[in-house]
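Here's the letter readout for the chains.
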Amino acid sequence: QVQLVESGGGLVQPGGSLRLSCLASGRIFSINAMGWYRQAPGELRELVAVVRSGAGTNLADSVKGRFTISRENAKNTWYLQMNSLKPEDTAVYYCYAEVRSSLYDAPLVYWGQGTQVTVSS
């Protein structure tokens, strides 16, 4: 079993910054992909940023130039640095990971519990 724990959400004014963190723990052999989704009220969950092993980083067009995803592999931790935040960035942000628990296991997808980000004056 793998657990993802997020931290770093909150209330910020437009133009401000926040950094989200996600820590993975449990039976982890490898993490094939790690990233962030978000879901605003009444909307579908959408991809924000993802890092795939051997395939680089992918960011949603709406956040390019403002958000950055980074990771510390040794700590099984990744981050979402969010700058120049806009009211339309308000959502619950979920971290996710595709994890193999052993060399012989297929990767499974795990989700964090979600953290609220509110951008408002």
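Throughout, a residue's number is its position along its own chain's written sequence, starting from 1. The model is predicted, so local features are restricted to residues of pLDDT at least 70 and side-chain atom pairs to those at 80 or more, both for listing and for counting; the totals for chains, interfaces and linings are taken over all residues. As a rule here, side-chain values cover all heavy atoms of the structure and leave hydrogens and water aside.

(A) Geometry of the pairing of strand β4 (residues 30–39). Being paired, for any two strands, means DSSP has found at least two bridges between them. Here a helix means four or more residues in a row that DSSP labels H or I, a strand means two or more in a row labelled E, and each is numbered from the N terminus. Two strands pair when backbone bridges link them, and β4 and strand β9 (residues 91–100) are joined in this way by nine bridges, in the antiparallel orientation. Bridge pairing links Tyr37 to Tyr94 in β9. Sheet analysis places β4 next to strand β5 (residues 46–52), joined by six bridges and oriented antiparallel. In the strand pairing of β5, Tyr37 is matched with Leu47. Linking β4 to β5, which pair antiparallel, is a turn of six residues; within it Gly42 sits at a positive phi near 75 degrees.

(B) Highlighting unusual backbone geometry. Phi at Asn76 is positive, roughly 50 degrees, even though this residue is not glycine. In this structure, Ser84 is a non-glycine residue whose phi angle is positive, near 50 degrees. Relative to the helices and strands, Ser84 is located in the loop between β8 (77–82) and β9.

(C) The packing of aromatic side chains, seen in detail. Each Phe, Tyr or Trp ring (for Trp, its six-membered ring) is paired with any other whose centre lies within 6.5 Å, and the angle between the two planes then decides the class: stacked below 30 degrees, edge-to-face above 60, tilted in between. Under the criterion given, the structure shown has three aromatic pairs. Arranged with centres 5.2 Å apart and planes meeting at 85 degrees, the rings of Tyr37 and Tyr96 form a pair that is edge-to-face. Here Tyr37, found in strand β4, pairs with Tyr96, found in strand β9; they are 59 residues apart in sequence, far enough to count as distant. Tyr37 sits in the partly exposed class, given a relative accessible area of 21%. The buried label goes to any residue with under 20% of its type's maximum accessible area, the exposed label to any with over 50%, and the partly exposed label to all in between, with areas taken from a 1.4 Å probe on protein chains only. Since its relative accessible area comes to 4%, Tyr96 is described here as buried. Ring-pair connections join several aromatic residues into one group, and the members of that group are Tyr37, Tyr96 and Trp111.

(D) How the structure looks around the pattern of salt bridges. Here, a salt bridge means any Lys or Arg side-chain nitrogen found within 4 Å of an Asp or Glu carboxyl oxygen. Scanning all chains against the criterion turns up seven salt bridges. Linking Glu98 and Arg52 is a salt bridge whose minimum nitrogen-to-oxygen distance equals 3.0 Å. Of this pair, Glu98 sits in strand β9 while Arg52 sits in strand β5, placing them 46 residues apart in sequence. Look at Glu98 and you get buried, because its relative accessible area is 16%. For Asp61, the salt bridge identified is with Lys64, shortest N-O distance 3.1 Å. Relative accessible area serves as the criterion here: at 48%, Lys64 is assigned to the partly exposed category.

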